[in-house]
Amino acid sequence: MKPNLKKIPQNDLRVLKDLEMKTSWLSSWMIHNANNIRNSLDGLKVGGHQASSASIISIMTALYFYVLKKEDRVAVKPHAAPVFHAIQYIFGNQSIDNLKNFRAYGGAQSYPSRTKDVDDVDYSTGSVGLGGAITIFGSLIQDYLIDHKFVDNNFKPGKMIALLGDAELDEGNIYEALLEGAKQNVRNCWWVIDYNRQSLDAVVADELHLKIDELFASMGWRVITLKYGKKLQSLSKLKGGNKILNWIDSCPNDLYSALSFLGGKAWRDRLVQDLAKHKDVLKILKGFNDKELGETMSNLAGNDIEAVLDAFAEAEGDDIPTCFIAYTIKGYGLPLAGHKDNHAGLMNNKQIEEYQKSLSINKGEEWDIYSGLVSPMKDIDKFLSKSPFFNGDKRIYNDRKIDIETKIDYKTSQNSNTQDIFGKLLNEIGKKNNMLSDRIVTFSPDVTVSTNLGAWVNQRQIYNRKAKTDVFHDKKVMSAQKWTMSPKGQHFALGIAENNLFLTLGAAGLSNAIFGSRLIPIGTIYDTFISRGLDALNYALYQDARFLLVATPSGISLGPEGGAHQSIITPLIGIGQPNLLMFEPTFADELEVIFRYALNFMQEDNGSSIYIRLTTRNLKQPERKINNDIETQIISGGYWYKKHSAKSNFTIVFTGALAPEVEQAVETLKEDIPDISVLMVTSSDRLYKDWRLVQKKRSAGQKVISRIEELFLETNPDSLIVSVIDGHSSALSWIGGAVNRKIISLGVDEFGQSGNLIDLYRVYGVDSEAIVDACAQAYSL
Ligand SMILES: Cc1ncc(C[n+]2csc(CCOP(=O)(O)OP(=O)(O)O)c2C)c(N)n1
Ligand SMILES: [Mg+2]
């Protein structure tokens, strides 16, 4: 059934109002139950947001029960999670136990979560601003799939819808995303702003809507403002009614909120005071009792389901990106309405009892879907069964996996760097005509060339819904980059905003689950600027989006570029960030192995996204053949790069670009410490995760050994370690504790600076002399 939004049958409207009431009640009750009825056991306040939820009830009721179609996807504002869960419960897609366990372990989540909730969350939310923005990128990815014919001919594009709190518009990433969306000609995107003019601490600035209006319009969006509800609209038909509406228009946000909280009498006093000289107004006011006046004055369109449906009807039927500014009252319909401190406010027992009574829900029937409804049960059931959105099927897909070749041949020289090799590997894949090369899609925030994607893009071109030729190429201006834009391109040339990189990677990394079409997204970035988009990266990973992040160049090995571009803490991000497995290869052959592994691992059910940290420093490459055994060892996180035949007494552990310094140190030390061994760590993250897992298994009684412990079985128990990395020293220092050996850890723990590598390695204490000194020191400990 496709609902006709423009003409809603009265019967449907009655049912919708019932569902609106039920959604409102269940959201409040779920929170009340969690805080007052369920025993929290630890005395902590459970929390939940009754006022934020109440604000958006009508909007979400209209959307989910009437407007949305199965193919539409929604990012629900974080604090409306109870509303979302209540709606899914009414649809039969969420259990009563999970509602009773709202915010408890295993129960319905505080903020909608794709991975932890069972009720079909489209996009997780929680960190304000990001949920809204990802809908833009979700829409771009949907278009990408259509343009590349990666979806069936009968695929119906859905709307990517964001339900946003108004304070989310304070987040800068919102504007970054809007701008990128405009550049990429985004469509099929709706943003509904719950304009309750309150945030957590504050009432938002007056007339913000004007700025929002202009802003969206300037980005090519249609703006639809939902201001007056049906009751207020009808005032305009009365003589003097427009004076009241004008008064509302100029009423400061804080005063409007306060009067909404205080109710009918306060409205009357204030209106009489301000509009005393207008007899027609006074006459209108007399026609209402206090309750009616309060209801009329606070009848904003966003809390009025009929007005909300009208607004959605206006935008239905085309793909123009649309922003709805929906005026609402925070806490609408609850005793918390409009109070400036209501964000974390909770109704007390007396208030919820009164609220329950006012809705005619009998005691003991609090979780009953039909209790208190005006419509008969069969009407409700019939209505729900016709839902164009929910037909009982889950909308989580899983496309088949893409085969990865067992070897990628590439040309290398004796001296090469991992960043260069990465470009070559991708270029080799790009030359082939197979599923992998077709499904790879690359992204870079204005660092395409400098992260070595140039050759790949020359082959595969830039994606944009609108084709554009390369004018420089056409005019025969010499350039290594021959890039045209077209709907067939396979590279997103994003603007500099790193947040957008991670949000696009997030959206592309969910393509399999959301659209049922698998992509292999690869993003490149300057390593240090991972921090700039870290929350968006975390957000993408929290949803288990799958992608490969290739970050380059790393550490002070960047030399003259200086401290602002040298990455120091990223190895720790690699270790600390869940759902992200990090590798830092030293040599080309390691990278080839890790790259192929990454392309597989990101597709595995128990896999994750991968981050590979690379360098631009040329290193002399080892002459060796990589067999299956070495390949397994490289992937395990570490292997013996130089192993003394006997059990050694001294180990240098290292990662990445400092191979020549380590080699030199070994050379210097070989007379004094002939049994020195060198452990190459290709992934401190993997070794660490493995070690932690083994500890858990041991406490469950299993006899297991971790990879790092296994490696050190080949050294003497009282042997010593020096570790060195071009990054924070603590990234490797944990190994000492894990294998119960004394360790001295070298690395870069302060901001870097410009210089040649000889000076920098000396100053930061990671050159061969520093390694030799550390070895001497280890002996004297
Ligand atoms: C990035 C981030 N910063 C801070 C918070 C804490 N926080 C939660 S809600 C909120 C204000 C939300 O106001 P608004 O978006 O207007 O939502 P509503 O009024 O609908 O509750 C803040 C600051 C957060 N969730 N995410
Ligand atoms: Mg708000």
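See the structure above.
Residues numbered from 1 in each chain as written. Chains lettered and ligands numbered in written order. Predicted model: local features only at pLDDT ≥ 70, side-chain atom pairs only at ≥ 80, totals over all residues. Heavy atoms only, no water.

**Observations regarding the overall build of the protein chain**
A tally of helices and strands in the protein chain yields 33 helices and 20 strands. Whereas a compact globule of 781 residues would reach a radius of gyration of roughly 28 Å, the protein chain reaches 30 Å, a difference of no more than 12%. The C-alpha extent of the protein chain, read off along each of the three principal axes, is 105 × 70 × 50 Å. A buried classification covers 60% of the 781 residues belonging to the protein chain. Residue pairs in contact within the protein chain that sit at least 24 positions apart in sequence constitute 78% of those at least 6 positions apart. Approximately 31,500 Å² of the protein chain is accessible, and the part contributed by carbon and sulfur atoms is 52%. Taking the 88 positively charged and 93 negatively charged side chains of the protein chain as two groups, their mean positions are separated by 6 Å. (Helix = DSSP H or I, 4+ residues; strand = E, 2+ residues; numbered from the N terminus. Rg over C-alpha atoms; globule rule 2.2 N^0.38 Å. Buried < 20%, exposed > 50% of the residue type's maximum accessible area, 1.4 Å probe, protein only. Contact = heavy atoms within 4.5 Å. Areas by Shrake-Rupley, 256 points an atom, 1.4 Å probe, with all protein chains shown as cover. Lys, Arg positive; Asp, Glu negative; His and termini not counted. Charge placed at Lys NZ, Arg CZ, Asp CG, Glu CD.)

**Description of helix α14 (residues 290–297)**
Along α14, the residues classified as buried are L293, G294, T296 and M297. End-on, the buried residues of α14 take up no more than an arc of 165°, which puts them together on one face. Against α9 (230–235), α10 (241–250), α11 (253–262), α12 (264–274) and α13 (279–286) lie the buried residues of α14. (Arc of directions from axis to C-beta.)

**Some thoughts on the coordination of the magnesium ion (ligand 2)**
In the first shell of the magnesium ion (ligand 2), the protein supplies D166 (OD), N196 (OD1) and Q198 (O), at 2.0 to 2.2 Å from the metal. Read N to C, the donor residues that coordinate the magnesium ion (ligand 2) are spaced as D-x29-N-x1-Q. Judged by relative accessible area, N196 falls into the buried class, the value being 4%. (Donors = N, O, S within 2.8 Å, 3.2 Å for Na, K, Ca; no water.)

**Thoughts on a nonpolar patch on the surface**
A surface patch of nonpolar side chains, about 290 Å² in accessible area, is lined by V471, F472 and V477. Inspection of the secondary structure assignment puts F472 in helix α21 (residues 471–474). (Patch = residues over 30% accessible without salt bridge, like charges linked within 9 Å, V, L, I, M, F, W, Y side chains within 5 Å. Salt bridge = Lys/Arg side-chain N within 4 Å of Asp/Glu carboxyl O.)

**A look at the pattern of salt bridges**
Two side chains bearing opposite charge may form a pair once their charged atoms approach each other closely. Taken as a whole, this structure holds 44 salt bridges when the rule is applied. Taking the shortest distance from any N to any O, the salt bridge between K401 and D605 comes out at 3.8 Å. One end of the pair, K401, is in the loop between α17 (377–385) and β6 (415–416); the other, D605, is in the loop between α26 (588–601) and β14 (609–613), with 204 residues separating them in the sequence. A relative accessible area of 39% means that K401 is categorised as partly exposed. Classification of D605 as exposed rests on a relative accessible area of 54%.

**Structural notes on the layout of surface pockets**
Its boundaries defined by the atoms lining it, the largest pocket holds a volume of some 1,200 Å³. If you go around the largest pocket, you meet 39 residues; those closest to its centre are E295, Y332, G333, L334 and Y355. Every element with two or more residues in the lining of the largest pocket is listed here: α1 (10–37), α3 (57–67), α9, α11, α12, α14, α15 (305–315) and α16 (349–358). Considering every element that reaches the lining of the largest pocket, the biggest residue donor is α1, with five residues. Split into classes, the residues belonging to the lining of the largest pocket amount to 14 nonpolar, 14 polar and eleven charged. If you add up the space inside the second largest pocket, you get close to 480 Å³. In terms of lining, the second largest pocket is formed by 22 residues, of which the most central are I462, D470, W483, M485 and A493. (1 Å grid on protein atoms, 1.4 Å probe; cavity = no way out; pocket = protein on both sides within 12 Å on 5 of 7 lines; lining within 4 Å. Points joined across faces, edges and corners; volume = space filled by probe spheres on them. Nonpolar A, V, L, I, M, F, W, Y, C, P; charged D, E, K, R; others polar.)

**A short note on the site of ligand 1**
Near ligand 1 lie 18 residues; those nearest to it are S52, K77, D166, Q198 and K330. Residue D166 places a side-chain N or O atom 2.6 Å away from an oxygen atom belonging to ligand 1. Between ligand 1 and the protein, one listed contact pairs an oxygen atom with a backbone N or O atom of E168 at 3.4 Å. Look at ligand 1: alone it shows 590 Å² of surface, and the protein chains cover 75% of it. Residues of the shell around ligand 1, tallied by class, amount to three nonpolar, nine polar and six charged. (Near = heavy atom within 4 Å. Polar contact = N/O pair within 3.5 Å; in protein donor to acceptor, adjacent residues only side chain to side chain.)

**Things to note about empty space enclosed by the protein**
Per the counting criterion, the structure on display carries four cavities of 30 Å³ or more. Empty space within the largest cavity amounts to approximately 90 Å³. As for the largest cavity, its lining consists of 14 residues, and the residues nearest its centre are P571, M582, E584, T655 and S684. Of all the elements in the fold, those that place two or more residues in the lining of the largest cavity are α25 (570–576), β13 (580–583), α29 (684–699) and α31 (730–739). Classifying every residue of the lining of the largest cavity by side-chain character gives eight nonpolar, four polar and two charged.

**Comments concerning the sheet that holds strand β19 (residues 715–725)**
Pairing in this open sheet of five strands is mixed, and the strands run β16-β18-β17-β19-β20 from one edge to the other. Unpaired on one side and paired on the other, β16 (638–642) and β20 (742–746) mark the two borders of the sheet. Ignoring which end each strand starts from, the neighbouring axes of this sheet average 25° apart. Across four bridges, β16 lies against strand β18 (residues 676–681) in antiparallel orientation. If you follow Y639 over to β18, its bridge partner there is M680. Strands in contact with α31 are β17 (648–655), β18, β19 and β20; relative to β19, the strand with the most contacts, it is inclined by about 170°. (Pairing = 2+ DSSP bridges. Axes fitted to C-alpha atoms, helices over the stretch in contact; angles between N-to-C directions.)

**Focus on the environment of K239**
Tracing the backbone shows K239 in the loop between α9 and α10. For K239, a relative accessible area of 69% corresponds to the exposed category. Each C-alpha atom of the pair K239 and I284 lies 8.2 Å from the other, and the pair is 45 residues apart in sequence. Leave out the neighbours within four places in its chain, and K239 touches D280 and I284.

**Re the nonpolar core**
One finds W191, W221 and W247 to be the most contacted residues of the largest nonpolar core, which totals 85 residues. If one sorts the elements of this core by residue count, helix α6 (residues 130–147) sits on top with nine residues. Counting 72 residues, the second largest nonpolar core, distinct from the first, contains L436, I594, I610 and I771. (Core = buried A, V, L, I, M, F, W, Y, C linked by side-chain atoms within 4.5 Å.)

**What to know about unusual backbone geometry**
Cis rather than trans, the peptide bond between T552 and P553 has omega equal to -10°. Looking at the element boundaries, P553 is found in the loop between β12 (548–551) and α25. You will see that D120, though not glycine, has its phi angle at about 65°, which is positive. Here D120 shows up in the loop between α5 (96–100) and α6. With relative accessibility at 7%, the residue D120 sits in the buried group.

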